[in-house]
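Chain by chain, the residues run as shown.
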Amino acid sequence: MNADEFRQQGKALIDWVADYLETVESRPVTSSVQPGDVRAQLPEHPPTEAEPFAAVLADMDRVIVPGLTHWQHPNFFAFFPGNSSYASILGELASAGLGVQGMSWVTSPACTEVETLMMDWMVDLLGLPERFRSTSERGGGVIHGSASEATLASILAARWRVSNGSINRLGDTTHLVAYATSQAHSSIEKGLRIAGIGTEQLRIVAHDEQFAMRPDAFAEQVAADLAAGLTPFWVCCSRGTTSSMAFDPTAAIAPIAHEHGMWVHVDAAMSGIAALAPELRWVNDGLDQADSYCTNPHKWMGVVFDCDLFYTADRAALLGALSILPEYLRSKAAESGAAIDYRDWQIPLGRRFRALKLWFTIRTGGAIDAVDMIRHHVAATQTLADLVRADERFEVVAPHPLNLLCLALRAGDQATDSLIERANATGQALFTRTVLDGRVALRFSIGGRTTTEEHVRDGWALLESLA
Ligand SMILES: *Cc1c(COP(=O)(O)O)cnc(C)c1O
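Conventions and cut-offs
Residues numbered from 1 in each chain as written. Predicted model: local features only at pLDDT ≥ 70, side-chain atom pairs only at ≥ 80, totals over all residues. Heavy atoms only, no water. Domains from an automatic or database assignment. Helix = DSSP H or I, 4+ residues; strand = E, 2+ residues; numbered from the N terminus. Pairing = 2+ DSSP bridges. Axes fitted to C-alpha atoms, helices over the stretch in contact; angles between N-to-C directions. Contact = heavy atoms within 4.5 Å. Core = buried A, V, L, I, M, F, W, Y, C linked by side-chain atoms within 4.5 Å. Buried < 20%, exposed > 50% of the residue type's maximum accessible area, 1.4 Å probe, protein only.

Participant: Mind laying out the domain arrangement of the protein chain, listing which residues take part and the relevant values?
Facilitator: Segmenting the protein chain into domains produces domain 1 (3–68), domain 2 (93–363) and domain 3 (367–466). If you average the C-alpha positions of domain 1 and of domain 2, the two centres end up 36 Å apart.

This is how it looks when you write it as structure tokens:
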């Protein structure tokens, strides 16, 4: 493909994407393909001669779109939102067009400096503690691909700090212990495994009836581990758990953790973005005591995946854990301390210009639009809760302060399971199943860019008609 073809086909592709997004509502939310169906429709071996781009685009319609779960569908109530605004899609395109590698400042100064600025803009927009700002004495932030990477980076920084760096050389992590509730995201256990700490060294701290960590149980577990000669080093406070959107009380947990030199990580991947709305800034409670924090604009802010904001108040520990300096990456700018090399803030070396999609989104009003959208979603969730409570066959089974409602049928788990299956089989909406303290629940997650209260009411009507 040459530049002329790129101009022509690129414009066609933009139209194609806009058409898809404008008409996605008319499609079933889920695909009806069976495993292997997509591949079976494509040639088993690569073409030996060039095909016209139009043929590729035609296969997008013929094979790819029918094989999708439509995350941008307004009746997508499953998992968590992954909404994408037009401006952020253009940001992705610009990033691809520039094709720069931003692993260090010299490899593309603008890539680094815009990213640092965006992280500081987000401190303003979310009302985050000043200790996370890049201009603070010891903190700063970086864009990671996902919250899972942020969690792993946090664990590695904590591991480095608790050993004054000696773990990097010795690798002995057998005495380290980490803490989270059973409601914490699976990436916590995965991160601990990758970091060589392991599942056995993760303590599952008891939660209360709201599915939030019990500080007394945390303190007891830490005391028991200390008495056994172990080293408590890291605790995850989830602010908005995946299963039910529970909020661990960071303000009560952090003092216990810090008394014993532990690292406090706050995982607000889904819910932290709510802080764009000033009246919802309670999601940040206790954050001024966190050593690290993450939230995902790629979930609820209209920034297309991948865009996770990872902040730390102790960048020396993060850099201690992750910086390695081979000769070919040395630069005067970095050695003088005047420039940030983000490769030292993440697991991979290479990195894309992800900040562009955030910059495009914020500058074109995306943050203001997101506040509006978030408020509508929160209001629709409360409306939904009222509707559910008015039908005595149903029960709301967890607190619902933001945009997730967990509900169940009083008739029992089998009935709830069957309802979820039948509702999803209609293709009219998509819900996710979870289990809360042994009880099956339907998660009704409200977060699509184009999801309105009408869509929520329709989704509820579907559930009522099938119950
Ligand atoms: C979604 C989510 C994650 C994982 O996010 P990724 O960016 O997909 O890795 C982690 N924690 C919480 C609380 C989440 O909601």
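Additional details are given in the paragraphs that follow.
Participant: Describe unusual backbone geometry, with residues and values.
Facilitator: The step from F305 to D306 runs through a cis peptide bond, and the omega angle for that step is 15 degrees. Located in the positive-phi region is F211, a residue other than glycine, with phi close to 70 degrees. Along the chain, F211 turns up in the loop between β3 (202–205) and α9 (215–227).

Participant: Lay out the sheet that holds strand β9 (residues 404–409) in plain terms, naming residues and giving numbers.
Facilitator: With antiparallel pairing, four strands are arranged side by side in an open sheet as β8-β9-β11-β10. Each having just a single partner strand, β8 (394–396) and β10 (432–436) make up the two edges of the open sheet. Each strand axis lies, on average, 40 degrees off the axis of its neighbour in the sheet, ignoring direction. The pairing of β9 with strand β11 (residues 439–445) spans four bridges and is antiparallel. If you follow L405 over to β11, its bridge partner there is F444. Along the sheet, helix α15 (residues 366–390) contacts β8, β9 and β11; its crossing angle with β9, the most-contacted strand, is approximately 10 degrees.

Participant: Which residues make up the nonpolar core, and what values go with them?
Facilitator: Ranked by internal contacts, the top residues of the largest apolar core, which has 68 residues, are M122, F218 and L358. Top element by residues in this core is helix α5 (residues 109–126). It accounts for seven residues. When residues are assigned to domains, this core turns out to be shared by domain 2 (93–363) and domain 3 (367–466), each giving three or more. Look past the residues within four positions of L358 in its chain and what remains in contact with it is M118, M122, I143, P297, M301, V303, C307 and L309. In this structure, A153, L202, A269 and A321 belong to the second largest nonpolar core, which totals 32 residues.

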